[in-house]
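Understanding the architecture of this molecule
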There are 2 protein chains.
Amino acid sequence: MVKLTNEIKDTLAAAKFAWLATAAKDGTPNVVVVAAFRLLDDESLLVSDQFFLKTLANLEENPKVAISWWSDKGGFQIKGTAAVHTSGPVFKDNVEWMKVKWPRFTPKGAVVVKITDAYVLKAGPDAGKKLL
Amino acid sequence: MVKLTNEIKDTLAAAKFAWLATAAKDGTPNVVVVAAFRLLDDESLLVSDQFFLKTLANLEENPKVAISWWSDKGGFQIKGTAAVHTSGPVFKDNVEWMKVKWPRFTPKGAVVVKITDAYVLKAGPDAGKKLL
């Protein structure tokens, strides 16, 4: 696992949306927009699941994920391994958080990504470069 | 292959950015933002490659891609199979197009995606549903 830098955390906090990619066992990628996410600590990102369909099916086969975002402050890509919580304290915390953040949606899961890598997303000669 | 509907094409035309996901042979997904893309016809999307790194390495191992976008008019996810052109007429056309669209960047490739599927991206009970 890696600890995100303040620069990476600042851009994530400024991003309204992020793009979550998974892959099926046969290598077919999937990418969806997510809006309910937050860092649990410097190494772990929580994404609340309201409507995941292919994402969830892929995570059952292959827990590897990639998440990219762009904000007014810039953006990055992180990669990691996801665990899906549908009960227990992590799930309950997510339900409570979503009651405040987005009361019209009821989470059916909490996806916790342990972050293993971070990369430059910005266009230019450093695009795609591994940072962490 | 599938033919995109006018609704899907309208949202794509209105999107400034799209998010291109690929996957390595070992199942690690990758997702990057792209800004230089256009439909070649109702079944084929061109993405100009200026800075692809992991995307290109993944496409060499596995040509399957997923692309999602969101615009003021809405958004969708499409999936397909990509071919990378680094010479020949498709590549040359892309170089000419980019001279007008983004003269400060020189393409190193043209990624042509033959579209095989389209899905709902919007949050709600239909999220993730297959359309085409």
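Our structure's up above, just so we're on the same page.
Residues numbered from 1 in each chain as written. Chains lettered and ligands numbered in written order. Predicted model: local features only at pLDDT ≥ 70, side-chain atom pairs only at ≥ 80, totals over all residues. Heavy atoms only, no water.

1. A look at the pattern of salt bridges
Residues and elements named next belong to chain A. Tallied over the full model, the rule gives twelve salt bridges over all chains. The closest approach of N and O atoms between Lys99 and Glu96, which form a salt bridge, is 3.1 Å. One end of the pair is Lys99 and the other is Glu96, both in helix α3 (residues 88–101) and three residues apart, which spans about a single turn. Under the relative-accessibility criterion, Lys99 is labelled exposed at 52%. Overall, the relative accessible area of 46% leaves Glu96 in the partly exposed class. Between Asp117 and Lys130 there is a salt bridge whose closest N-O contact spans 2.4 Å. Taken together, the residues Asp117 in strand β7 (residues 109–120) and Lys130 in the segment after β7 connect sequence positions 13 residues apart. The class of Lys130 is partly exposed, set by a relative accessible area of 47%. (Salt bridge = Lys/Arg side-chain N within 4 Å of Asp/Glu carboxyl O. Helix = DSSP H or I, 4+ residues; strand = E, 2+ residues; numbered from the N terminus. Buried < 20%, exposed > 50% of the residue type's maximum accessible area, 1.4 Å probe, protein only.)

2. Quick notes on the side chain of Thr55(A)
Within the fold, Thr55(A) resides in helix α2 (residues 54–61). Of the residues examined, Thr55(A) reaches a relative accessible area of 1% and is grouped as buried.

3. Comments concerning the relation of the copies chain B and chain A
Superposition record for chain B on chain A: RMSD 0.0 Å, screw rotation 180°, translation along axis 0.0 Å. The symmetry that links the two subunits is that of a two-fold axis. The residues that chain B uses at the interface reappear at the interface of chain A in 100% of cases, marking a shared surface. (Least-squares fit on C-alpha atoms with pLDDT ≥ 70 in both. Contact = heavy atoms within 4.5 Å.)

4. Quick look at the sheet that holds strand β6 (residues 76–85) of chain A
All names here are of chain A. The strand order β2-β1-β5-β6-β7-β4-β3 describes an open sheet built from seven strands, whose pairing is antiparallel. The sheet terminates laterally at β2 (29–34) and β3 (37–41), the two strands that pair on one side only. Strand after strand, the sheet turns through a mean of 35° between neighbouring axes, direction not considered. Pairing analysis gives four bridges linking β3 to strand β4 (residues 44–49), with the strands arranged antiparallel. The partner of Asp41 across the bridge, within β4, is Ser44. Set on the sheet, α2 makes contact with β1 (18–23), β2, β4, β5 (64–68), β6 and β7; between it and β1 the angle comes to about 45°. (Pairing = 2+ DSSP bridges. Axes fitted to C-alpha atoms, helices over the stretch in contact; angles between N-to-C directions.)

5. Some thoughts on the interface of chain B and chain A
Every contact between the two is made by 33 residues of chain B and, on the other side, 33 residues of chain A. A buried area of about 2600 Å², summed over both sides, lies between chain B and chain A, and 66% of it is on carbon and sulfur atoms. When the area that chain B buries against chain A is broken down by residue, the three leading residues are Trp19(B), Pro29(B) and Val31(B), summing to 24%. Connecting chain B to chain A are two salt bridges. Across the pair Lys64(A) and Asp26(B) runs a salt bridge whose closest N-O atoms are separated by 3.6 Å. Remark: the boundary between chain B and chain A carries 16 residue pairs in polar contact (both at pLDDT 80 or more). (Buried area = accessible area lost by both parts, 1.4 Å probe. Polar contact = N/O pair within 3.5 Å; in protein donor to acceptor, adjacent residues only side chain to side chain.)

6. Looking at the packing of aromatic side chains
Across all of its chains, the model carries five aromatic pairs over all chains by this definition. For the pair Trp102(A) and Phe105(A), a centre-to-centre distance of 4.9 Å together with 65° between the ring planes defines the contact as edge-to-face. According to the relative accessible area criterion, Trp102(A) is partly exposed, its value standing at 24%. Phe105(A) sits in the buried class, given a relative accessible area of 14%. Seen from their ring centres, Phe51(B) and Phe105(B) are 5.2 Å apart, and the 90° between their planes marks the pair as edge-to-face. (Phe/Tyr/Trp six-rings, centres within 6.5 Å; stacked < 30°, edge-to-face > 60°.)

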